[in-house]
Amino acid sequence: MIASSLSGAHQFTIQNSQFNTHQTTIVRSPDLDPALLILHKHRALEACHTSKTAANASKCKEGTQVEVIEDMTTWADGVLDDPDSPAESILWLRGPAGAGKTCILRTVADIYGGKRRLAGVYFFSTRVPGLDNEAPFIATFASYLIEAIPALDEPVLQTIRSHPTIFNQSLEYQLDKLISNHLRSIPPESLAPRLLIIDGFDECRDSQERAHLLRIIHSLVTPPHSFRVIMASRPEFDIRTAFNQPPLNSITKILHLESYDTSDEIYQYLVDEFAWIRESHPAKDSIPLEWPGQETLERLTEKSSGIWAYPSTVIKYVDNPRRHPVEQLKHAIDASSNASSGRPFAELDALYEIVLNPPDTDIPLMKRLLHLAIEVTRSGLGSYVLMPSPLSDFLSLTKGTIEITFCDLHSVLSVPDSNQHHIHFHHKSLEDYLSSPERSNKLYQSREDTRADLMTVFCVMGKVPQWSGSAIAYFGPEDESLPVPPEIASASRPGDDQVVPGPSPSASPLTVNESTTPHPNSDPPTIDNPIDSTSNPQLPNPVAPVPDLDEVVASTPPTKTLSWSGLRQVKALEFTGLRPIFLLVIVSALVGLWSVYILKRPT
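All residue numbers refer to position in the chain's written sequence, counted from 1. Only residues with pLDDT of at least 70 get local features here, since the model is predicted, and only at 80 or more are side-chain atom pairs given and counted; chain-wide, interface and lining totals rely on the full set of residues. Only hydrogens and water are set aside when side-chain values are computed; all heavy atoms of the structure are taken into account.

1. Topic: the packing of aromatic side chains
Here is step 1 of the chain: Each aromatic pair joins two rings of Phe, Tyr and Trp (for Trp, the six-membered one) with centres within 6.5 Å, and gets the label stacked for planes under 30 degrees apart, edge-to-face for over 60, and tilted for any other angle. Applying the stated criterion across every chain yields a total of eight aromatic pairs.
Here is step 2 of the chain: Note on F274 and W291: the rings are 5.1 Å apart at their centroids and 80 degrees apart in plane angle, and the pair reads as edge-to-face. Taken together, the residues span a long stretch of sequence, with F274 in helix α11 (residues 263-280) and W291 in the loop between α11 and α12 (294-304) at a distance of 17 residues.
Here is step 3 of the chain: For each residue, the accessible area found with a 1.4 Å probe, counting protein chains only, is set against the maximum for its type, and the residue is called buried under 20%, exposed over 50%, and partly exposed in between. Under the relative-accessibility criterion, F274 is labelled buried at 0%.
Here is step 4 of the chain: Residues Y352 and Y433 carry aromatic rings whose centres are separated by 5.3 Å and whose planes lie at 50 degrees to one another, so their mutual orientation is tilted. Of this pair, Y352 sits in helix α15 (residues 346-355) while Y433 sits in helix α19 (residues 428-434), placing them 81 residues apart in sequence.
Here is step 5 of the chain: Judged by relative accessible area, Y352 falls into the buried class, the value being 2%.
Here is step 6 of the chain: Cluster of aromatic residues (ring-pair linked, three or more members): Y122, F124, F137 and F201.
Here is step 7 of the chain: Sitting over a ring, as applied to charges here, requires NZ of Lys or CZ of Arg to be within 6 Å of the ring centre and within 35 degrees of the ring normal. Sitting over the ring of F123, R106 keeps its end group 4.3 Å from the ring centre. Here a strand is any run of E in DSSP of at least two residues, a helix any run of H or I of at least four, and the numbering for each starts at the N terminus.

Next up, the structure:
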């Protein structure tokens with residue numbers, strides 16, 4: 001600093017001065033390395049167990065899920081300490097929604113992160129934008145791996161420098177170039193971190209991508225990689241079919257979460273949480289000391305049926321500072337008492353029904369907002385749209401309307417106080433509930449109706465949305481007056497170093513779903529023998545028919561900039577031919593109305 005201040009000065013004298021010298025360490029910022037920039041751009045940081053999302057996520061309460069965590073750590077210690085043992089190399093924890101799988105895997109990740117034995121962690125999620133597809137998987141894994149195994153750092157980054165567009169290639173190519181090639185040169189003693197944890201695998205929405213990822217995972221657990229993998233998911237048909245067929249069935253250990261008795265843990269959880277409410281609620285002076293009583297605690301434990309989402313939602317519903325907890329608990333129990341015992345989620349559904357019908361709330365608006373939140377997340381519009389203020393602007397609602405509408409839904413919904421975070425569901429089970437007409441009844445809204453609602457909003461704004469699968473594109477002029485998300489304000493047409501969401505071109509999809517009935521003479525579906533509905537007329541096509549407009553869109557070249565600055569998460573296309581059609585329709589309607597008026601006008 002002194003040198004820069006005196007630069008060029010001459011013929012001066014310094015008197016009565018004291019100089020202090022300090023050792024200075026210059027650290028190269030990782031942002032200066034273009035390879036690291038590319039890697040960080042394509043990884044999914046929120047998929048890691050140390051992310052901001054993870055910091056705010058539910059954790060296993062101390063003393064809960066003890067038995068299943070012990071079984072998982074016993075398995076992991078065995079396969080990691082003796083990598084040459086013939087034991088299974090994959091552990092699959094399967095269980096229903098709300099059973100606590102994510103909490104369990106976060107706990108296991110913390111355990112092995114502390115032991116420095118983690119090679120990677122990936123938490124899929126339909127509630128966090130960008131975590132419901134396969135695209136960032138290898139980049140995220142590689143990013144974690146170079147920190148866990150420092151010897152891989154420079155080789156991986158050098159590969160990215162040599163192939164800056166590598167993340168536009170298939171996952172197999174990424175795995176081979178970034179990881180497989182370099183592992184062969186790493187000494188065995190440096191490969192202690194070999195455990196890969198993958199949660200919410202069913203929340204990778206596309207079953208074809210799930211089949212593709214299972215092939216990648218199979219490659220990771222076989223030489224030269226020899227990683228060990230812990231996975232957790234709901235037992236969706238395509239997933240359980242894959243694990244019950246070669247090549248995965250012989251190398252997979254399966255734990256059924258529903259087989260573990262958690263009633264004592266749930267009971268203790270309720271005791272502790274109700275004690276906290278008695279001590280902290282604004283109405284604590286009017287809450288009886290013995291509330292809620294042993295009989296009620298046992299009743300709630302029984303109703304939980306091992307589904308942790310039920311007691312968790314009860315506690316959040318009761319612990320509402322704007323409502324008296326005694327009355328809130330009574331409402332929750334009364335709702336559950338009327339539940340039909342013939343449905344697997346009857347108790348949870350009854351609780352959702354009472355929570356989603358708060359007094360003095362605009363129910364139709366609430367229903368609309370909930371389904372729009374689901375569709376916006378599914379369609380890849382980005383979390384910015386689901387922040388309260390931008391969402392209000394998007395729907396032309398008065399500021400504060402969304403917060404008022406959702407003010408009593410905090411037991412099932414996260415509604416941020418500022419625009420730093422987006423609105424999201426606490427648990428996937430609420431999305432499942434709202435997406436089922438049998439379960440949610442009057443709160444159900446079809447996806448087609450929700451898309452029609454979005455279509456209306458866009459058309460009013462001069463945008464024409466078009467869906468293709470789960471992605472959405474927009475047509476219309478730029479409107480810079482709309483709010484622009486900071487992270488995508490400079491978005492442009494995907495170039496050589498940008499990933500365009502979509503399945504890997506090399507994937508051979510395992511297109512199996514619940515409604516698929518194999519041909520009597522066909523082989524069972526496996527990873528290496530996927531069902532092909534196009535060659536078998538008796539199989540329903542799992543891919544929805546593409547509208548005619550998609551064909552027009554597909555043949556239209558992409559614009560240099562994305563349409564509508566506020567929603568540039570996907571490639572948009574310019575389609576000016578629709579505008580004259582809309583004008584013609586409007587003019588025709590006006591002429592028709594004028595004709596009716598002339599005919600009915602009194603003479």
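2. Things to note about the pattern of salt bridges
Oppositely charged side chains can form a pair if their charged atoms are brought close together.
Here is step 1 of the chain: Any carboxyl oxygen of Asp or Glu that lies within 4 Å of a side-chain nitrogen of Lys or Arg is treated as forming a salt bridge with it. Considering all chains together, one arrives at 16 salt bridges under this definition.
Here is step 2 of the chain: Taking the shortest distance from any N to any O, the salt bridge between D202 and R234 comes out at 3.1 Å. Here D202 is found in the loop between β3 (195-199) and α9 (207-220), whereas its partner R234 is found in the loop between β4 (228-233) and α10 (237-243), with 32 residues between them in sequence.
Here is step 3 of the chain: Note on D202: relative accessible area 9%, which makes it buried.

3. Re a negative patch on the surface
Here is step 1 of the chain: Patch membership needs two things, relative accessible area over 30% and no salt bridge, and members are linked within 9 Å if like-charged or within 5 Å if nonpolar (Val, Leu, Ile, Met, Phe, Trp, Tyr). Here the Shrake-Rupley method, with its probe set to 1.4 Å, supplies the accessible areas, and only the displayed protein chains count as covering residues. Neither His nor the chain termini are counted; the positive set is Lys and Arg, and the negative set is Asp and Glu. We put the charge of a Lys on NZ, of an Arg on CZ, of an Asp on CG and of a Glu on CD. Side chains of E67, E70, D71, D261 and D264 sit close together on the surface and give a patch of like negative charge.
Here is step 2 of the chain: Tallying contributions element by element places helix α4 (residues 66-81) first for the negative patch, with three residues.
Here is step 3 of the chain: Summarising the element assignment, E67 is placed in helix α4.

4. Looking at α4
Here is step 1 of the chain: Helix span, as expected, comes to 1.5 Å for every residue beyond the first. Across its 16 residues, α4 extends 22 Å between first and last C-alpha, which sits within 8% of the 22 Å expected from 1.5 Å per residue.
Here is step 2 of the chain: Buried residues of α4: V68, I69, M72, T73, W75, A76, V79 and L80, and no others. Taken end-on, α4 shows its buried residues confined to a sector of 160 degrees, consistent with a single buried face. Pointing more than 90 degrees away from the buried face of α4 are the exposed residues T74 and D81. The arc in question is the one spanned by the directions pointing from the helix axis to the C-beta atoms.

5. Quick look at a nonpolar patch on the surface
Here is step 1 of the chain: Judged by side-chain polarity, I586, L590 and L593 come together as a nonpolar surface patch covering roughly 320 Å² of accessible area.
Here is step 2 of the chain: For I586, the location among the structural elements is in helix α23 (residues 578-600).
Here is step 3 of the chain: With a relative accessible area of 49%, I586 lands in the partly exposed category.

6. Quick notes on the nonpolar core
Here is step 1 of the chain: Ranked by internal contacts, the top residues of the largest apolar core, which has 52 residues, are L39, I90, F137, I160, I198, F201 and M231.
Here is step 2 of the chain: Among the elements that take part in this core, helix α6 (residues 137-148) stands out by supplying seven residues, more than any other.
Here is step 3 of the chain: Pairs of residues are marked as contacts when any of their non-hydrogen atoms sit within 4.5 Å. Once residues within four sequence positions are removed from consideration, F201 is found in contact with F124, R210, L213, L214, I217, M231, A232, S233 and I239. Only buried residues count toward a nonpolar core, which is a set of Ala, Val, Leu, Ile, Met, Phe, Trp, Tyr and Cys residues joined through side-chain atoms within 4.5 Å.

7. Overview of the side chain of Q328
Here is step 1 of the chain: Checked against the element boundaries, Q328 lands in helix α14 (residues 325-337).
Here is step 2 of the chain: What qualifies as a polar contact is a pair of N or O atoms within 3.5 Å, subject to a donor-acceptor requirement within protein and to the restriction that residues adjacent in sequence count only when both atoms come from side chains. Among the polar contacts listed, one links the side chain of Q328 to the backbone oxygen of Y317, at a separation of 3.1 Å.
Here is step 3 of the chain: Excluding anything up to four places from it in sequence, Q328 contacts Y317, V318, N320 and R323.

8. Notes on the side chain of E431
Here is step 1 of the chain: Inspection of the secondary structure puts E431 in helix α19.
Here is step 2 of the chain: Excluding anything up to four places from it in sequence, E431 contacts T126, R205, I374, R378 and F425.

9. Re the confidence of the model for the chain
In low-pLDDT regions, the fine details of the predicted coordinates are not to be read closely.
Here is step 1 of the chain: With 67% of its residues at a pLDDT of 70 or more, the chain has an overall mean of 74.
Here is step 2 of the chain: pLDDT runs from 0 to 100 and stands for how confident the predictor is about each residue. Scored below 50 in pLDDT, residues 473-578 shows 195 contacts in the model against residues more than four places distant or in partner chains.

10. So, the sheet that holds β3
Here is step 1 of the chain: Taken in spatial order, the five strands make up an open sheet running β2-β3-β4-β1-β5, and their pairing is parallel. Unpaired on one side and paired on the other, β2 (118-123) and β5 (252-256) mark the two borders of the sheet. The sheet shows a mean angle of 10 degrees between the axes of neighbouring strands, taken without regard to direction.
Here is step 2 of the chain: A pair of strands is treated as paired once DSSP finds two or more bridges between them. As paired elements, β3 and β4 share four bridges and run parallel to each other. Paired with L195 across the two strands is R228, which belongs to β4.
Here is step 3 of the chain: Across the face of the sheet, α4 comes into contact with β1 (90-94), β3, β4 and β5 while running at roughly 155 degrees to β4. Comment: axis = line fitted to C-alpha atoms, over the contacting stretch for helices; angle = value between 0 and 180 degrees taken between N-to-C directions.

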